[in-house]
Amino acid sequence: MSEKTNIPENYRFTKDHEWVIRDDKNDNIAIIGISDHAQSSMGDIVHVELPDEGEKFEVGDEVAVVESAKSASEVYAPVTGNIIEVNDHLDSHPEAINEDPYNEGWLFKIELDDPDQLDDLLSSDGYSSFLDEE
Amino acid sequence: MRKTSLYQFHIDNDARLVPFAGYEMPLHYEAGIVKEHLWVRSHCGLFDVSHMGQIFVRGSRVSELFSYITPTNFEDLNDFSCKYTVLTDENSCVIDDLIISKITSDLFYLVVNASRKDIDLEWISKFAGEFDCNVEPLSNYSLIAIQGCKSLDILSNLFNTELSDLKYMNLKYINYKDVDLLVSRTGYTGEDGFEISIPDNMVNEFCSSLLSFDDIKPVGLGARDSLRLEMGYPLYGHELSQDINLAESSLSWIISKDNKFLGYNNLKNISNRKRVSFKLIDKGVARDNMEIYDNNNNLIGYVSSAGYSPSLSCSIGQAYINIDNSKINNEIFIKIRDNFKKAVITKLMLFNPKLKKAS
């Protein structure tokens, strides 16, 4: 990894380059997106296939697909639960994922079956070490 | 992995390098594919295409040779002009697509695809003897493409000569720092532009000098692909291959009337299919090799190349479709993962670069 990628401290991560944080209005809801490293590797994002609200996913299920100019990448559920909201803004502005992957570029929100499941994920330091080893 | 002479130039310009035809080539630079594509359509892009093959063929019967191994008649061609054509085998299947330039009636200059250059050399050499010709692959020469409406001004400036008298599909020698460079007014993007064959030991300085102009930026192979897709140009290995008969490929304009070339007797659309361009109507991105269906769930073809069009802000591509389903404006369905997404067959050229809008 030659350049510094952005890895915010209070976020959790998976080895598939998804990030997760708790919704600050509701501890039982997780907000999910893809990391700065992921958006940078993918290049210009041109389309996102998001799940339907209400759909249920287990950890590891394919939930969304992010299409860049060059290729498609799957996004997997980092936690188990139901989709309660998707980021409709990405319909007309998929590039928000490139521009602001940790805020405006969020993908979907899951209502957690197990609120402690976030503890199983990588911390920001853990993700950073993981990237250094890749 | 092979490198062109501009490898360090690519690194210095923050290229994302990927393997292509055995070379490490820039997929894009810092700006990214979409911005680079749009820059070529509005200003000027600099492409390293040194991985491609450059070949001289010499002999008094060189026009006859190429009139035989391509469907194009070269006998009546003016000196210093260029033609886009294909090499076919005896079955009229495509060995490569290429630009052949007649420098004089004894000297032709060819630019061929990187992935086919060894095969092309072998193939041409097979026939060259019969026509008393010598085949000389160039070594130590790079090839760069400068494409976009600002190309003429930039190069006229850099060469200190008025380049507007070099017309489209023509070439000439231009002296630069005491060396004659072969400059052709050709390209693969649909924009006005030039391709320059230049010694390896000069190309870095030349490219640095080019980048001192504000209107030109380096552009990678990712944008090169989306630019040619918008023009409906084929790419060897996708729209053209030895499994595809020239008659299926919607390139009949390159076949010269009455030219009984090598593949002439087998120029037939035996597979009953045709190359078309399409535009995706539903949201999504079509990709290579996806299946195509009609509105009754019948499989009618496959995607040969596809991706995202920055100029049209939608997914576009090319496909081989059964002739009966191949009319312009016909609705087709592309299977993208488990979904059938609606698309429409369009004219081959989806974007008109002169009018700067959908064609």
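These figures come from a predicted structure and were not determined experimentally. (Residues numbered from 1 in each chain as written. Chains lettered and ligands numbered in written order. Predicted model: local features only at pLDDT ≥ 70, side-chain atom pairs only at ≥ 80, totals over all residues. Heavy atoms only, no water.)

Visitor: Quick rundown of the packing of aromatic side chains? Include the residues and the values.
Guide: Per the counting criterion, the structure on display carries 21 aromatic pairs over all chains. Here the aromatic rings of B:Phe66 and B:Phe108 are separated by 5.6 Å at their centres, their planes lie at 15 degrees, and the arrangement is stacked. Of the two residues, B:Phe66 sits in helix H3 (residues 62-69) while B:Phe108 sits in strand S7 (residues 107-112), which places them 42 residues apart along the sequence. In this structure, B:Phe66 and B:Phe108 share a single accessibility class: buried. The structure contains a cluster of three or more aromatic residues connected by ring pairs, namely A:Tyr11, A:Phe13, A:Trp19, A:Tyr102, A:Tyr127 and A:Phe130. Between the NZ or CZ atom of A:Lys109 and the centre of the ring of A:Trp106, over which it lies, the distance is 5.0 Å. Above the face of the B:Trp39 ring, B:Lys217 is positioned so that its terminal group lies 4.2 Å from the ring centre. (Phe/Tyr/Trp six-rings, centres within 6.5 Å; stacked < 30°, edge-to-face > 60°. Helix = DSSP H or I, 4+ residues; strand = E, 2+ residues; numbered from the N terminus. Buried < 20%, exposed > 50% of the residue type's maximum accessible area, 1.4 Å probe, protein only. Lys NZ or Arg CZ within 6 Å of the ring centre and 35° of its normal.)

Visitor: An account of the packing of helix H2 (residues 33-42) of chain B against helix H7 (residues 221-231) of chain B is needed here, citing residue identities and associated values.
Guide: Residues and elements named next belong to chain B. With their axes 8 Å apart at the nearest point, H2 and H7 run at an angle of 55 degrees to one another. Taken together, H2 and H7 sit at an angle that is classed as oblique. When you trace H2 past H7, the crossing you get is right-handed. Of the residues in H7, those in contact with Ile33, Glu36, His37, Val40 and Arg41 of H2 are Gly222, Ala223, Ser226, Leu227, Glu230 and Met231. Per-class residue counts for the contact of H2 with H7 are five nonpolar, three polar and three charged. (Axes fitted to C-alpha atoms, helices over the stretch in contact; angles between N-to-C directions. Parallel < 35°, antiparallel > 145°, perpendicular 65-115°, else oblique. Left-handed = near helix turned anticlockwise from the far one by under 90°. Contact = heavy atoms within 4.5 Å. Nonpolar A, V, L, I, M, F, W, Y, C, P; charged D, E, K, R; others polar.)

Visitor: So what's going on with the environment of B:Ile11? Residues and values would help.
Guide: Within the fold, B:Ile11 resides in helix H1 (residues 7-12). A sequence separation of 312 residues divides B:Ile11 from B:Ile323, and the C-alpha atoms of the two residues are 46 Å apart.

Visitor: Lay out the interface of chain A and chain B with the relevant residues and their values.
Guide: In this assembly, 14 residues from chain A lie in contact with 15 residues from chain B. Between chain A and chain B, the buried area comes to about 1,300 Å², and carbon and sulfur atoms account for 47% of it. Seen at the junction of chain A and chain B, the total is six salt bridges. At the boundary of chain A and chain B, one finds 12 residue pairs in polar contact (both at pLDDT 80 or more). Taken together, the residues that form the side of chain A that touches chain B break down as four nonpolar, five polar and five charged. (Buried area = accessible area lost by both parts, 1.4 Å probe. Salt bridge = Lys/Arg side-chain N within 4 Å of Asp/Glu carboxyl O. Polar contact = N/O pair within 3.5 Å; in protein donor to acceptor, adjacent residues only side chain to side chain.)

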